[in-house]
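# Overview (structure and organization)
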Amino acid sequence: MTPSQFTGTTQEDREDSRGPSCSARPGWRLVETVCPYCGAGCRLRLRVRGTRLSGVEGGDGPPNHGWLCLKGRLGWDFAHHPDRLTVPLVRKGGLLTETSWAEALDLVAARLSELVRVSGAGAVAGLASGKCTNEENFVFQKLMRAGLGTNNIDQCGRLCHAASVAGLTAAFGAGAMTNSIDELASADLIFIIGANPTVAHPLIAARIEEACSRGARLICADPRSIEIARLADLRLQHLPGTDAALLNAMMHVILEEGLADERFIAGRTENFEAFQAVVRRYPPELAEVVSGVPAAKIREAAVLYAQAPRSSIVYSSGLTQHTTGLANVLSVANLAMLTGNVGRESTGVNPLLGQVNAQGACDMGALPDVFPGYQPVCVPASRERYEAASGCQLPGQPGLTMTEILAAAARGEVKGLFVLGANPALSAPDLKHTTHALRRLEFLVVQDIFLTETAELAHVVLPGASFVEKDGTVTSTERRVQRIRRAVPPAGSARSDLDILLDLADRLGLGPGPGGPDEVMNEIARMVPDYGGLSYRRLDTSPAGIQWPCPTPDHPGTRYLHRYGFSGGRAPFSPVDYQGPAEHPDEDYPLILTTGCVLEHSQTGTMSRRSTGLGGLLQGAGVELNPLLAAEMGVSDGDPVRVVSRRGAVVARAILSLSVGREMVFLPYHFREASANLLTNPAFDPGAKTPELKVAAVRIERLDAATISALAAAGAHEKAPAG
Ligand SMILES: Nc1nc2c(c(=O)[nH]1)N[C@H]1C(S)=C(S)[C@@H](COP(=O)(O)OP(=O)(O)OC[C@H]3O[C@@H](n4cnc5c(=O)[nH]c(N)nc54)[C@H](O)[C@@H]3O)O[C@H]1N2
Ligand SMILES: Nc1nc2c(c(=O)[nH]1)N[C@H]1C(S)=C(S)[C@@H](COP(=O)(O)OP(=O)(O)OC[C@H]3O[C@@H](n4cnc5c(=O)[nH]c(N)nc54)[C@H](O)[C@@H]3O)O[C@H]1N2
Ligand code: SF4
Ligand SMILES: [Mo]
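Rules behind the numbers
Residues numbered from 1 in each chain as written. Chains lettered and ligands numbered in written order. Predicted model: local features only at pLDDT ≥ 70, side-chain atom pairs only at ≥ 80, totals over all residues. Heavy atoms only, no water. 1 Å grid on protein atoms, 1.4 Å probe; cavity = no way out; pocket = protein on both sides within 12 Å on 5 of 7 lines; lining within 4 Å. Points joined across faces, edges and corners; volume = space filled by probe spheres on them. Helix = DSSP H or I, 4+ residues; strand = E, 2+ residues; numbered from the N terminus. Nonpolar A, V, L, I, M, F, W, Y, C, P; charged D, E, K, R; others polar. Disulfide = S-S within 2.5 Å. Buried < 20%, exposed > 50% of the residue type's maximum accessible area, 1.4 Å probe, protein only. pLDDT = per-residue confidence, 0-100. Contact = heavy atoms within 4.5 Å. Near = heavy atom within 4 Å. Domains from an automatic or database assignment. Buried area = accessible area lost by both parts, 1.4 Å probe. Salt bridge = Lys/Arg side-chain N within 4 Å of Asp/Glu carboxyl O. Polar contact = N/O pair within 3.5 Å; in protein donor to acceptor, adjacent residues only side chain to side chain. Areas by Shrake-Rupley, 256 points an atom, 1.4 Å probe, with all protein chains shown as cover. Core = buried A, V, L, I, M, F, W, Y, C linked by side-chain atoms within 4.5 Å. Phe/Tyr/Trp six-rings, centres within 6.5 Å; stacked < 30°, edge-to-face > 60°. Pairing = 2+ DSSP bridges. Axes fitted to C-alpha atoms, helices over the stretch in contact; angles between N-to-C directions. Parallel < 35°, antiparallel > 145°, perpendicular 65-115°, else oblique. Left-handed = near helix turned anticlockwise from the far one by under 90°. Expected span 1.5 Å × (residues − 1).

Let us look at empty space enclosed by the protein. One pass over the full model with this rule turns up 6 cavities of 30 Å³ or more. Computed from the structure, the second largest cavity encloses a volume of approximately 120 Å³. Lining the second largest cavity are 13 residues, and of these Phe138, Gln141, Lys142, Tyr386 and Ser390 lie nearest its centre. Elements that contribute at least two residues to the lining of the second largest cavity include exactly helix H4 (134-147), helix H17 (380-390) and helix H22 (517-527). The residue inventory of the lining of the second largest cavity, partitioned by class, reads 8 nonpolar, 2 polar and 3 charged.

All chains considered together, the criterion is met by 0 disulfides. Free of any disulfide, Cys378 has its nearest neighbouring cysteine sulfur in Cys362, separated by 17 Å. The exposure class assigned to Cys378 is partly exposed, which follows from its relative accessible area of 45%.

Turning our attention to the confidence of the model for the protein. Detailed conclusions should not be drawn from predicted coordinates in areas where pLDDT is low. Here the protein averages 93 in pLDDT, while 95% of its residues score no lower than 70. Predicted confidence for residues 1-24 stays below pLDDT 50, and this span has 42 contacts to residues more than four positions away or in other chains.

This paragraph deals with the site of ligand 3. Inspection of the region around ligand 3 gives Cys35, Tyr37, Cys38, Gly41, Cys42, Leu68, Cys69, Lys71, Gly72, Pro202 and Leu203 as its neighbouring residues. Of all the secondary-structure elements, those providing two or more residues to the shell around ligand 3 are helix H2 (70-74) and helix H8 (202-213). Classifying every residue of the shell around ligand 3 by side-chain character gives 8 nonpolar, 2 polar and 1 charged.

Another aspect to go through is the domain arrangement of the protein. According to the domain assignment, the protein contains domain 1 (11-80), domain 2 (89-159 + 356-547), domain 3 (162-351) and domain 4 (591-713). Taken over C-alpha atoms, the centre of domain 1 sits 32 Å from the centre of domain 4. Contacts between domain 1 and domain 4 engage 8 residues on the former and 13 residues on the latter. Carbon and sulfur atoms supply 70% of the area that domain 1 and domain 4 bury against each other, a total of about 870 Å² over both sides. On inspection of domain 1 and its partner domain 4, the count reaches 0 salt bridges.

Among the 36 residues in the neighbourhood of ligand 1, the closest are listed as Asp222, Gly241, Ser317, His601 and Gln603. Ala200 places a polar main-chain atom, nitrogen or oxygen, 2.7 Å from a nitrogen atom of ligand 1. At 3.0 Å from an oxygen atom of ligand 1 is found a side-chain nitrogen or oxygen belonging to His322. Expressed as a share of its isolated accessible area of 910 Å², the protein-covered part of ligand 1 is 98%. Elements supplying a minimum of two residues to the shell around ligand 1: helix H7 (197-200), helix H14 (317-320) and strand S23 (591-596). Its residues assigned to classes, the shell around ligand 1 comprises 14 nonpolar, 17 polar and 5 charged. Here the shell around ligand 1 spans two domains, and each of domain 3 (162-351) and domain 4 (591-713) adds at least three residues to it.

Okay, the nonpolar core next. Membership of the largest hydrophobic core comes to 55 residues, with the highest contact counts inside it found for Phe172, Phe191, Tyr305 and Leu338. Of all hydrophobic cores here, the second largest spans 54 residues; its members include Val90, Val124, Met144 and Leu539.

What follows is about the packing of aromatic side chains. The geometry of an aromatic ring pair is captured by two quantities: the separation of the ring centres and the angle between the planes. Inspection of every chain in the model, using the stated rule, returns 10 aromatic pairs. Plain terms: the ring middles of Phe172 and Phe566 are 5.6 Å apart, the flat faces sit at 15 degrees to each other, and that makes the pair stacked. Residue Phe172 is located in helix H5 (residues 162-172), and its partner Phe566 is located in the loop between strand S21 (546-547) and strand S22 (571-572); the two are separated by 394 residues in the primary sequence. As far as the burial class goes, Phe172 and Phe566 line up, both buried. Relative to Tyr386, the ring of Phe371 has its centre 4.8 Å away and its plane inclined at 25 degrees; by these criteria the two rings are stacked. With Phe371 in strand S14 (residues 370-371) and Tyr386 in helix H17, the pair connects residues that are 15 residues apart, well separated along the chain. One exposure class covers both Phe371 and Tyr386, and it is buried.

Attention now goes to the sheet that holds strand S3 (residues 52-58). Overall, antiparallel pairing links the 3 strands, which are arranged S1-S2-S3 in an open sheet. Each edge of the sheet is formed by a strand with only one pairing partner; in this case those strands are strand S1 (28-34) and S3. With strand direction ignored, the average angle separating the axes of adjacent strands in the sheet is 30 degrees. Where strand S2 (residues 43-49) meets S3, 6 bridges bridge the pair, whose relative direction is antiparallel. From the neighbouring strand, Val48 faces S3, where its bridge partner is Leu53.

Charged atoms that come close allow side chains of opposite charge to pair. What the rule picks out here adds up to 41 salt bridges. With its nearest N and O atoms 2.7 Å apart, the salt bridge here joins Asp497 to Lys470. Taken together, the residues span a long stretch of sequence, with Asp497 in helix H21 (residues 497-510) and Lys470 in the loop between strand S18 (460-463) and strand S19 (472-475) at a distance of 27 residues. Looking at Lys470, the relative accessible area reads 4%, which means it is buried.

The geometry of helix H3 (residues 101-119) relative to H21 is characterised by a closest axis approach of 10 Å and an angle of 50 degrees between their N-to-C directions. When the interaxial angle is binned, H3 and H21 end up oblique. Considering how the two elements wind past one another, H3 and H21 form a crossing that is right-handed. Along the contact surface, H3 presents Trp101, Ala102, Leu105, Asp106, Val108, Ala109 and Ser113, while H21 presents Ile500, Asp503, Leu504, Arg507 and Leu508. Tallied by class, the residues present in the contact of H3 with H21 amount to 8 nonpolar, 1 polar and 3 charged.

Among the 5 residues that make up strand S8 (residues 189-193), 5 are buried, leaving the element largely enclosed by the rest of the structure. Residues Leu189, Phe191 and Ile193 line one face of S8 and the alternating positions Ile190 and Ile192 line the opposite face, and both faces are buried. The pairing of S8 with strand S9 (residues 217-221) spans 5 bridges and is classified as parallel. Across the sheet, the residue bridging to Phe191 is Ile219, located in S9. Here S8 runs beside strand S12 (residues 311-315); their pairing, made up of 5 bridges, is parallel. Following the sheet pairing, Ile192 is matched in S12 by Val314.

Turning to the side chain of Ser466, a few remarks are in order. Within the secondary structure layout, Ser466 lies in the loop between S18 and S19. Given the relative accessible area of 2%, Ser466 is considered buried. Look past the residues within four positions of Ser466 in its chain and what remains in contact with it is Phe78, Ala79, Arg84 and Ile449.

Moving on: H21. Between its first and last C-alpha atoms H21 spans 17 Å; for 14 residues at 1.5 Å apiece the expected length is 20 Å, and the helix comes up short by more than 12%. Listed in full, the buried residues belonging to H21 are Asp497, Leu498, Ile500, Leu501, Leu502, Leu504, Ala505 and Leu508. Considering only its buried residues, H21 is in contact with H3, H4, strand S16 (416-420), strand S17 (443-448), S18 and H22. Note on H21: the residue one or two positions beyond its end, Gly511, has a positive phi of about 85 degrees.

The subject of this paragraph is the pairing of S9. Counting buried positions along S9 gives 4 out of 5 residues, so the element sits mostly inside the fold. Across 3 bridges, the pairing between S9 and strand S10 (residues 234-236) is parallel. Opposite Ile219, over in S10, you have Leu234 as the bridge partner.

Here is the structure:
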């Protein structure tokens, strides 16, 4: 089994990982929780022996039905890694020094309040976390809004799915996956565009494979040749950043061939004429020139998608991490509406959100323009509701997005930043600029479980409890709200993020607040209509969690959205014109760099690289190059090469791979010693504010023997975290 072929545990692995039943072993306990790695939200059963985890099993029922992927199965032991932060740290004489909780929290409250007093609430900002629970994100945004008076609150989801939340809200009235993971298995056609589920969401890939084995058709549109495309009836390997042209041409064909669902369009949508006028300008022959995909294939894809009784679109950050990310999301929504593939089982537009609680962080209002439940901050009626609940006056102007917060920090306008469970010093684009922005801050607080690249720059570091050390809920990409549970005590004197935030809220004058996560959930249920029927009592007796919308305690939850209509009435079509990426290859930088993930590691690697099992499988970055390009350059597999963009350079080992064409290279972003984000382009989508992490112009330089040995001698490869 090679990692790239891995799609889930085999039945044998599963039996093996289940082992003898725990009841047979005195002193062992089983704790039901959720895998911390990706937005699929797989159910995980922890085996606990005393105060230590000793293994995991896949939990039963949806979405994973007992199975786990590599990360879920091997990645849990970071929780016990000796690098865990166990004591609060404050910077004294330039060095991070251990301190007491009281001193650290007093300092955070005092410094942030002072910045607000002296420079105004716009001078502080917070980044919430797709790694933290709903309850933690809810209290965090309350702390920023009611405690400090700012809407400058966002999260690293800005770097991936902000366009999905904004685009699907604009199109359908709900910024989330329209359908459910299990429904994919019964689709007649699945159109994957800009997602690599075998690597990024393996248990979702498993459902897609199940559909294919039942005879579903598969179309895969990805600039790289990805693993799941081996099952595709049709592969469209377009140039990065040309999706809108490709999608418009597909819709052009659908109209031309009379395959549009006229009843759906007439009954449930609006703005069709304006949309149609734009799409008419995109014959497949034009899209062929732009995207490199033969017109005949585009026609075939259009007909296949439109003729299948139930077609599902699956996409992820390959569509959103572009300067045109929002337009791309609106385009896939157009495609589904045009063919009536929304509001029915096994259809829809399905963004695969990345972090375990990326969806929940958005639902909880960890966004600068909306309160919890997507109530716009600038609408007086919604503001009044939240003001009444918090007893504070709340700011009515939308705050800054993460992209804008970093830019404002670089200009010295944002002076204080509170980072909860995020590592922008590695995850944000153009790291030279990002680190400059973070260093310029007068006060940086980082609350994490490890001393990350971002925490190393902080003035105060607060040690949070990890996912196995606290109670809460997380919301997966399919809107499934599930419980995570405390199985072992926190490392050292680390505290649950919720306790820390509630203590800070108290210090900022918000009062002692709710006692525990269950009480916070009660508050969430009062403030967020789609969570209105949720409570710990209910969640604890619903083993598979509950999918929102769940407005009342007797509501069963919702498997797929928009069945009986769109919340805004009619769903608007959005005319989308094609616009290319911000940077194009030229003589100096002749190749297109695209970045993304590999199976064994997760995001900035803080957790996966500290897992013995995963770290052992793959440590160190490799840049994927086409063998033709490598041969022209005299580069062999495994040679270190330098990848250079307009913003920086990294040294990584060459991996010769047919998954990229001659014009492209691929570098994952998990590895601090060869960080893809030293190279990436910070240009961002004007609407979603998501940077163009998927396209940058680069060149590859071959290193001569002298440079290689000099690099080795100088230890140029920074150390990875010890596994
Ligand atoms: N193993 C692992 N799994 C993860 C993560 C991880 O770090 N590691 N991260 C999680 C997170 S936070 C997220 S958001 C998701 C991301 O999940 P995905 O978005 O599925 O993963 P990526 O590797 O970012 O990229 C997806 C695909 O987009 C393609 N692509 C690049 N440019 C374009 C383009 O212009 N158009 C199209 N159509 N495709 C393009 C790439 O070739 C790639 O195959 O994964 C989650 N799961
Ligand atoms: N070039 C390039 N860059 C990218 C991407 C790309 O495709 N290409 N993808 C982007 C994507 S999709 C995303 S989502 C972002 C991710 O960007 P980030 O969110 O900045 O990266 P993570 O590594 O997920 O950081 C999460 C942090 O939370 C910490 N943590 C884990 N559990 C807990 C907890 O319980 N409590 C607390 N307090 N902390 C915890 C982890 O140690 C880690 O430091 O990166 C983006 N960056
Ligand atoms: S698919 Fe995602 S949630 Fe499921 S086991 Fe793998 S990493 Fe965990
Ligand atoms: Mo993400």
